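Next come the chains, spelled out residue by residue.
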Amino acid sequence: VEQSLLQLTVNGRYQMHELLRQFSQEQLERDRENLETTHDRHSRHYLNWVVAQHERFAGESQREALNAISVEFDNISVAWHWAVRRRTYNLLDLALHPLYLYCNLRGRFADGLALLAGMADALRNAVDEVGAGHIGDAQIRQHRLGRVLARFGQLQSKIDDQNALENLRCALSYARTPEDRAFALTWLGAVELNAGDRASGVSNLQKSIAISRQTDDQHNLFYALQELKNALWHSDFLEARRTCREMVAISRRLDRPDLIARALVDLASMENFLGSYDAATMYLHESLRISEAGRYRDLLGWVFDMLGWNSWCQGSDHYSVALTYYDRAFAIEDNLGRRSSAAAYMSDKALVLRDIGQIQEALELARQAATLGRQAGISNIVGLTLSHLGNVLTCNGEYVAAWPILREALEMLYDNGHFNMVLWTLFYIAELMVAENEATGTPSVGEQEHTARELLVCVGHHPVTPYVFKVRATRLLATLPSETMAARPDQPGSEQTLLSLDEAVAMVLGDHP
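What you are looking at is a predicted structure, and each value in this text was computed from that prediction instead of being measured. (Residues numbered from 1 in each chain as written. Predicted model: local features only at pLDDT ≥ 70, side-chain atom pairs only at ≥ 80, totals over all residues. Heavy atoms only, no water.)

### A short note on the environment of Trp424
The line we're drawing: Secondary structure elements follow DSSP: runs of H or I of four or more residues count as helices, runs of E of two or more count as strands, with numbering from the N terminus. Working definition: with a 1.4 Å probe on protein chains only, accessible area under 20% of the residue-type maximum means buried, over 50% means exposed, and in between means partly exposed. Contact criterion: two residues are considered in contact whenever any of their non-hydrogen atoms come within 4.5 Å of each other.
Here Trp424 lies in helix 21 (residues 419–440). The buried category is assigned to Trp424, whose relative accessible area is 6%. Considering only alpha carbons, one finds Trp424 and Ala452, 28 residues apart in sequence, at a separation of 13 Å. When sequence neighbours within four positions are dropped, the list of residues in contact with Trp424 reads Trp309, Leu384, Ser387, His388, Pro466 and Phe469.

Given below as structure tokens:
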């Protein structure tokens, strides 16, 4: 070392001059047998090394393990592709999950997909090659293919790839163990929820949770609970909160920093929903500390977005910092190529721009977000971006343009069970009705203003309305002239009756042209 052939780098690795490396490679390639033996040894070493790193994913050693994999990723990729070529499936199967976790946590979705695609193709070919008299071999290879497709499909879902659903369904059909079945069910359920199939998504997540409890698979239980919480959040806040607390307990029991960071963001979301903004800030900053230390690119964008949303909820004194957080969130998601998350963060930022009076900038950003949301094709993202766009249009006085957009958002969010977003969309519609009423000079207590009043009361009292919109609904309601019982004695939405969510949605979608 440090004589002629090898040099020691500052990070403790050895290197040789590039011309010398090329000469050595040429010499090795002339000896076919020695070439294959060298590649075999290289492949075994690095894939076994990845398996060993997985044991360090708990506790403080996780960051060191992830950083070490980052340093060796080029060697690991070469080792992986050689193992696929040589069909050393036993070793590949062992390295599959830790390498998948690394790519997920560090946001290297494209790299992960490239590695898994090669193995999936090789296994498909291997299954086809097995003769009729070797059914057992075919089943083993199908099982391995299912494990690969489950992780491949989950990584696809991270970048809004529409083929994720097909691969996850195929993975479920090949699953042979309870653990593999639970894994496939979790991510199939998550993708189905995003696609708007709430019934099937919730059912598959509940099946995954039941299996995970039976097998004491705490890791998969955490992910399945998180995805189910996302569904419950829109309709049953108390159950979603209970689920979130269980996630926190699991993450700390497993001592997985990445899971702890995720659980903290969910806990912050619950506190934000209730209007406990200081508590939410505390949880978010703790999650941010863990996520930045672990370089969890998959999680950081979400943390910054929630910091932005929590700041916006606290009012005008926090708008400038909210914009900074949203810019950081968007930069991460744009770099990762995740259209759905980028669209959501752009749309949230548009609300801040609207509130500080930069209406044209808000309108341009909201339109870009809505276009990006439609491209992503995820129901709650499309509904969210359309809802915010409709409200910004209202603030710009474009009432005619705002109506169809808000109605489309309302119908999509309602049909897919995103009820907390339904409620803030109803608030936006009430704002539109009031603004339109004032602009046209309609009598102070007209039909449209009465409807707006009923919607605002519904939003202000519904248990799944976020606190920030309850406050805004109450403030807007206070600006409306009082309405006596005698003015509308025949209406079910008078001061004596509170509209249900179904009635409020029907009132908007059924009555307004």
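### Brief notes about the packing of helix 15 (residues 297–313) against helix 17 (residues 339–355)
A packed helix pair is summarised by two numbers, namely the angle formed by the two axes and the spacing between the axes. Quick reminder of the rule: Helix axes use the C-alpha atoms of the stretch in contact, all axes being lines fitted to C-alpha atoms, and the angles between their N-to-C directions lie in the range 0 to 180 degrees. What sets the label is the angle itself: under 35 degrees gives roughly parallel, over 145 gives roughly antiparallel, 65 to 115 gives roughly perpendicular, and the rest give oblique. The sense of a crossing depends on the near helix, which, turned anticlockwise from the far helix by less than a right angle, makes the crossing left-handed and, turned clockwise, makes it right-handed. In this count, Pro and Cys sit with the nonpolar residues alongside Ala, Val, Leu, Ile, Met, Phe, Trp and Tyr, while Asp, Glu, Lys and Arg are called charged and the others, Gly among them, polar.
Interhelical geometry of helix 15 versus helix 17 gives an angle of 25° and a closest axis separation of 10 Å. Between helix 15 and helix 17, the interaxial angle falls into the category roughly parallel. Crossing hand, helix 15 versus helix 17: left-handed. In contact with Gly301, Trp302, Asp305, Trp309 and Trp312 of helix 15, helix 17 contributes Tyr345, Asp348, Leu351, Val352, Arg354 and Asp355. The class makeup of the residues in the contact of helix 15 with helix 17 is six nonpolar, one polar and four charged.

### Focus: the nonpolar core
The criterion, for reference: What we call a nonpolar core is a set of buried Ala, Val, Leu, Ile, Met, Phe, Trp, Tyr and Cys residues that are connected through their side-chain atoms within 4.5 Å.
Formed by 168 residues in total, the largest nonpolar core has its most connected members in Trp80, Trp309, Trp312, Leu426 and Leu455. For this core, the element with the most residues is helix 21, which contributes 13 residues. Those residues within four positions of Trp309 in sequence are excluded, and the remaining contacts are Asn272, Tyr326, Asp348, Leu351, His388, Trp424, Val468 and Phe469.

### Description of unusual backbone geometry
Phi is positive for Asp160, close to 60°, though the residue is something other than glycine. Along the chain, Asp160 turns up in the loop between helix 7 (135–158) and helix 8 (164–174). In this structure Asp160 comes out as buried when scored by relative accessible area, which is 5%. Unusually for a residue other than glycine, Arg295 sits at a positive phi of about 55°. Of note, Arg295 is situated in the loop between helix 14 (277–294) and helix 15. Among the residues examined, Arg295 registers a relative accessible area of 48% and is labelled partly exposed.

### A few points about the packing of aromatic side chains
Remark: the centre distance and the inter-plane angle together describe each pair of aromatic rings, the angle taken between the planes. We apply this condition: Each Phe, Tyr or Trp ring, with Trp reduced to its six-membered ring, pairs with another whose centre is within 6.5 Å; inter-plane angles below 30 degrees give stacked pairs, above 60 give edge-to-face pairs, and intermediate values give tilted ones. Geometrically, a lysine NZ or arginine CZ counts as sitting over a ring once it is within 6 Å of the ring centre and also within 35 degrees of the ring normal.
Across all of its chains, the model carries 18 aromatic pairs by this definition. When the centroid spacing of 5.8 Å and the interplanar angle of 75° are considered together, the rings of Tyr100 and Phe183 count as edge-to-face. Placement of the pair is Tyr100 in helix 5 (residues 89–105) and Phe183 in helix 9 (residues 178–194), with a sequence separation of 83 residues. Taken individually, Tyr100 and Phe183 each receive the classification buried, so the pair is uniform in this respect. Between Trp309 and Trp312, the aromatic rings sit 4.9 Å apart at their centres with planes inclined by 45°, giving tilted as the arrangement. Placement of the pair is Trp309 and Trp312 together in helix 15, with a separation of three residues, close to one helical turn. No difference in accessibility class separates Trp309 from Trp312, as the two residues are buried. Here a set of aromatic residues connected by ring pairs shows up, and it is made of Trp309, Trp312, Trp424, Phe427, Tyr428 and Phe469. Just above the ring of Phe73 sits the side chain of Arg108; from NZ or CZ to the centre is 4.0 Å.

### Remarks on helix 16 (residues 319–336)
Worth spelling out the cut-off: A helix is expected to reach a length of 1.5 Å times the quantity of its residues less one.
With 18 residues, helix 16 should cover 26 Å at 1.5 Å per step; its first-to-last C-alpha distance of 26 Å lies within 8% of that length. Among the residues making up helix 16, those that are buried are Tyr319, Ala322, Leu323, Tyr325, Tyr326, Ala329, Ile332, Glu333 and Leu336. Positioned one or two residues after helix 16, Gly337 has a phi angle of 80°, which is positive.

### Regarding a nonpolar patch on the surface
Going by this rule: Patches in this entry comprise residues that are over 30% relatively accessible and not in a salt bridge; like charges within 9 Å are linked, as are nonpolar side chains (Val, Leu, Ile, Met, Phe, Trp, Tyr) within 5 Å. A 1.4 Å probe and the Shrake-Rupley method give the accessible areas. Residues count as covered only by the protein chains that appear here. Just to be clear on terms, a salt bridge is a Lys or Arg side-chain nitrogen sitting within 4 Å of an Asp or Glu carboxyl oxygen.
On the surface, a nonpolar cluster with roughly 480 Å² of combined accessible area is contributed by Leu5, Leu6, Leu8, Tyr14 and Met16. With respect to the helices, strands and loops of the structure, Leu6 is situated in the segment before strand 1 (7–8). The class for Leu6 is partly exposed, based on a relative accessible area of 33%.

### Side note on helix 18 (residues 359–376)
Relative to the 26 Å expected for 18 residues at 1.5 Å per residue, helix 18 spans 25 Å between its end C-alpha atoms, a close match to the ideal helical length. Among the residues making up helix 18, those that are buried are Ile359, Ala362, Leu363, Leu365, Ala366, Ala369, Ala370, Leu372, Gly373 and Ala376. Its buried side turned inward, helix 18 meets helix 17 and helix 19 (379–395). At the exit of helix 18 stands Gly377, carrying a positive phi of roughly 75°.

### What to know about the environment of Cys395
For Cys395, the location among the structural elements is in helix 19. On the accessibility criterion, Cys395 (40% relative accessible area) is partly exposed. Remark: the alpha-carbon pair of Cys395 and Glu72, spanning 323 residues in sequence, is separated by 53 Å. Excluding residues within four positions of it along the chain, Cys395 makes contact with Arg354 and Ile359.

### Quick notes on empty space enclosed by the protein
Counted only if it meets this: Here the term cavity refers to a set of points on a 1 Å grid, laid over the protein atoms alone, in which a 1.4 Å probe fits but cannot get out; the term pocket refers to an open set having protein on both sides within 12 Å along at least five of seven lines, with lining residues being those that place an atom within 4 Å of a point. Grid points are joined across faces, edges and corners, and a volume is the space filled by probe spheres set on the points.
All chains considered together, the criterion is met by three cavities of 30 Å³ or more. For the second largest cavity, the calculated volume is near 40 Å³. In terms of lining residues, the second largest cavity is bounded by Leu96, Leu99, Tyr100, Cys103, Gly112, Leu115, Leu116 and Leu155. When contributions to the lining of the second largest cavity are tallied by element, the ones reaching two or more residues are helix 5 and helix 6 (109–129). Counting residues per element, the lining of the second largest cavity draws most heavily on helix 5, which supplies four residues. Classifying every residue of the lining of the second largest cavity by side-chain character gives seven nonpolar, one polar and no charged.

Taken by themselves, the reported measurements are silent on function.
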